[in-house]
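As a plain string of letters, each chain reads:
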Amino acid sequence: MIDIKSLTIDELTEYLLTIGEKKFRAGQIYEWLHRRKITDFEEMTNLSKDLRNKLKENCILTTLSTITVQESRLDGTRKYLFGLDDGNAVESVFMRYHHGNSVCVSSQVGCRMGCKFCASTLDGLERNLTSAEILDQVYSIERDTGERVSNLVIMGTGEPMDNYDNVIKFVKILSSENGLNISRRNITISTCGIVPGIMKLAEENMPVTLALSLHSTTDEKRKLLMPIAYKYSLEEVIPACKYYFEKTGRRVTFEYALVEGVNDRFEDADELSVIANAVEAHVNLIPVNPIKERDFKSTGANAVRAFQARLEKKKVAATVRREMGRDIDGACGQLRRKMRDSQ
Ligand code: SAH
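Just so we're clear, the structure is a prediction, and the values are computed from it rather than from any experiment.

## Observations regarding the overall build of the chain
Then comes step 1: On a plain count of helices and strands, the chain comes out with twelve helices and 14 strands.
Then comes step 2: Here the C-alpha atoms of the chain give a radius of gyration of 21 Å, agreeing with the 20 Å that 2.2 N^0.38 yields for 343 residues.
Then comes step 3: Summarising its shape, the C-alpha atoms of the chain cover approximately 70 × 45 × 35 Å along the three principal directions.
Then comes step 4: A burial count over the chain gives 55% of its 343 residues as buried.
Then comes step 5: Considering only intrachain contacts with a sequence separation of at least 6, the fraction spanning at least 24 residues in the chain is 66%.
Then comes step 6: About 15200 Å² of surface is accessible on the chain, with carbon and sulfur atoms providing 48% of the total.
Then comes step 7: If you average the places of the 49 positive and of the 49 negative side-chain charges in the chain, the two averages end up 3 Å apart.

## Quick notes on the site of the ligand
Then comes step 1: Near the ligand lie 18 residues; those nearest to it are Glu159, Ser190, Ser213, His215 and Asn289.
Then comes step 2: The side chain of His215 places a nitrogen or oxygen atom 2.6 Å from an oxygen atom of the ligand.
Then comes step 3: In the model, an oxygen atom of the ligand is placed 3.1 Å from a nitrogen or oxygen of the Glu255 side chain.
Then comes step 4: Burial of the ligand by the protein amounts to 95% of the accessible area it has alone, namely 530 Å².
Then comes step 5: Of the residues that constitute the shell around the ligand, the class distribution is nine nonpolar, seven polar and two charged.

## Side note on the nonpolar core
Then comes step 1: Counting residues in each nonpolar core, the largest one holds 96 residues, and the members touching the most others are Ile4, Leu55, Val138, Phe170, Leu174, Phe254 and Val283.
Then comes step 2: Composition of this core by domain shows at least three residues from each of domain 1 (2-60) and domain 2 (65-342).
Then comes step 3: Residues within four places of Val283 in sequence aside, it is in contact with Phe254, Tyr256, Leu272, Ala276, Leu311, Val316, Ala317, Ala318 and Thr319.
Then comes step 4: Within the second largest apolar cluster, five residues are counted, among which are Val93, Met95, Val153 and Met324.

## Concerning the packing of helix α9 (residues 234-248) against helix α10 (residues 266-279)
Then comes step 1: Contact geometry of α9 with α10 gives a least axis separation of 9 Å together with a crossing angle of 35 degrees. Residues Ile238, Cys241, Lys242 and Phe245 of α9 touch α10, and the partners they reach there are Ile275, Ala278 and Val279.

## Topic: the domain arrangement of the chain
Frequently, the measure chosen for interface size is the accessible area removed from exposure when the parts meet.
Then comes step 1: What the domain assignment lists for the chain is domain 1 (2-60) and domain 2 (65-342).
Then comes step 2: Between the C-alpha centres of domain 1 and domain 2 there is a distance of 33 Å.
Then comes step 3: On the domain 2 side, the residues contacting the 14 residues of domain 1 number 15 residues.
Then comes step 4: Of the roughly 1300 Å² buried at the junction of domain 1 and domain 2 (both faces included), carbon and sulfur atoms supply 52%.
Then comes step 5: Applying the counting rule to domain 1 against domain 2 returns three salt bridges.
Then comes step 6: The salt bridge partner of Lys169 is Glu11, with a shortest N-O separation of 3.1 Å.
Then comes step 7: Scanning the region where domain 1 abuts domain 2 turns up nine residue pairs in polar contact (both at pLDDT 80 or more).
Then comes step 8: Broken down by element, the residue count for the side of domain 1 that touches domain 2 peaks at four residues, all from helix α2 (residues 24-34).

## Considering helix α5 (residues 164-174)
Then comes step 1: Tyr164, Val167, Ile168, Phe170, Val171, Ile173 and Leu174 are the residues of α5 that are buried.
Then comes step 2: The elements touched by buried residues of α5 are α2, α4 (131-145), β9 (151-154), β10 (187-191) and α6 (195-202).

## Thoughts on the packing of aromatic side chains
Then comes step 1: Inspection of every chain in the model, using the stated rule, returns two aromatic pairs.
Then comes step 2: Seen in terms of ring centroids, Tyr80 and Phe82 are 5.2 Å apart; in terms of plane orientation they differ by 10 degrees. Their pairing is stacked. Of the two residues, Tyr80 and Phe82, both sit in the buried class.
Then comes step 3: Seen from the ring of Trp32, Arg36 lies directly overhead, with NZ or CZ sitting 4.6 Å from the centre.

## Looking at unusual backbone geometry
Glycine aside, a negative phi is what most residues show, and trans is what most peptide bonds show.
Then comes step 1: Non-glycine residue Lys37 carries a positive phi angle of around 55 degrees.
Then comes step 2: Examined against the element boundaries, Lys37 turns out to sit in the loop between α2 and α3 (49-58).
Then comes step 3: Although it is not a glycine, Asn205 adopts a positive phi angle of roughly 60 degrees.
Then comes step 4: With respect to the secondary-structure elements, Asn205 resides in the loop between α6 and β11 (209-213).

Thresholds, definitions, all that
- Residues numbered from 1 in each chain as written.
- Predicted model: local features only at pLDDT ≥ 70, side-chain atom pairs only at ≥ 80, totals over all residues.
- Heavy atoms only, no water.
- Helix = DSSP H or I, 4+ residues; strand = E, 2+ residues; numbered from the N terminus.
- Rg over C-alpha atoms; globule rule 2.2 N^0.38 Å.
- Buried < 20%, exposed > 50% of the residue type's maximum accessible area, 1.4 Å probe, protein only.
- Contact = heavy atoms within 4.5 Å.
- Areas by Shrake-Rupley, 256 points an atom, 1.4 Å probe, with all protein chains shown as cover.
- Lys, Arg positive; Asp, Glu negative; His and termini not counted.
- Charge placed at Lys NZ, Arg CZ, Asp CG, Glu CD.
- Near = heavy atom within 4 Å.
- Polar contact = N/O pair within 3.5 Å; in protein donor to acceptor, adjacent residues only side chain to side chain.
- Nonpolar A, V, L, I, M, F, W, Y, C, P; charged D, E, K, R; others polar.
- Core = buried A, V, L, I, M, F, W, Y, C linked by side-chain atoms within 4.5 Å.
- Domains from an automatic or database assignment.
- Axes fitted to C-alpha atoms, helices over the stretch in contact; angles between N-to-C directions.
- Buried area = accessible area lost by both parts, 1.4 Å probe.
- Salt bridge = Lys/Arg side-chain N within 4 Å of Asp/Glu carboxyl O.
- Phe/Tyr/Trp six-rings, centres within 6.5 Å; stacked < 30°, edge-to-face > 60°.
- Lys NZ or Arg CZ within 6 Å of the ring centre and 35° of its normal.

Here it is in structure tokens:
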């Protein structure tokens, strides 16, 4: 079976030619799939019944089911748990900002990176998501809210560089003219620091924003939080980010989760400012979201502001991530675990 929603327009054209259809059909079908976000081949009303049947017999039309939606009473953030055809589930989040609506998608079921503070990785990796499964997180949310999504972050469950090809295809389709046409500048790929992935992305000619989950300024400390630090040292990761910036002209974001007593001293801020200035990176501070399986504590609000001020004094552009949907669920990956544990 052909996973038709995962095909780029070129791949779709090629497929249609192989089954004896005219080239222009590709544009029509692509628009049904990626602009109108249909969920049934029968909705493709400008195709002949014959062609619709052919597609039905040979293709799968990946559509996620909505298991639960939680809406924050504080800020309207909506957290979705979506069901996949094989019984797995993934989380996505819809957030309203003054500059537009943003969606956070998952790229894998589970994750094998093992970051100590993260709930998504506690049971390892189950499998990669297809491009269609990542796309339909966005499409399902647009269908559900009736609102347009203008920004996208790949910061849900999973390591995008560990599912590289499907993620790149997802970005291509999402940003295509006949699809939702979301600007690549409004798409952020977040990685724990897989160097070959960063280098490859720099060559894609795709000006997306790269976010690096840095979280510590030394390898020694980083290893305590992120096992990937054993594989790629900061001496490799930071130059890769610099290369990305030079090649694409896009400023890199360093994500830095503040954990009380671990990485939140002023010395840490000073070391961070040296690295950030070397790469001209923007720093996004995240008070760590405690998960029940580990006893990391979040740095208090005043100390977070002081840390930010210290960075700014050293001329680093630093923001504190607004906590959205505080009332609906905790850290990434917790919703899926909660569902599974209750079964
Ligand atoms: N694997 C990718 C993308 C998914 S994680 C990455 O590592 O970047 C998205 C971001 O959320 C990362 O910066 C990650 O470190 C952070 N994160 C995960 N669990 C968290 C928690 N409990 N509190 C705060 N940030 C967390």
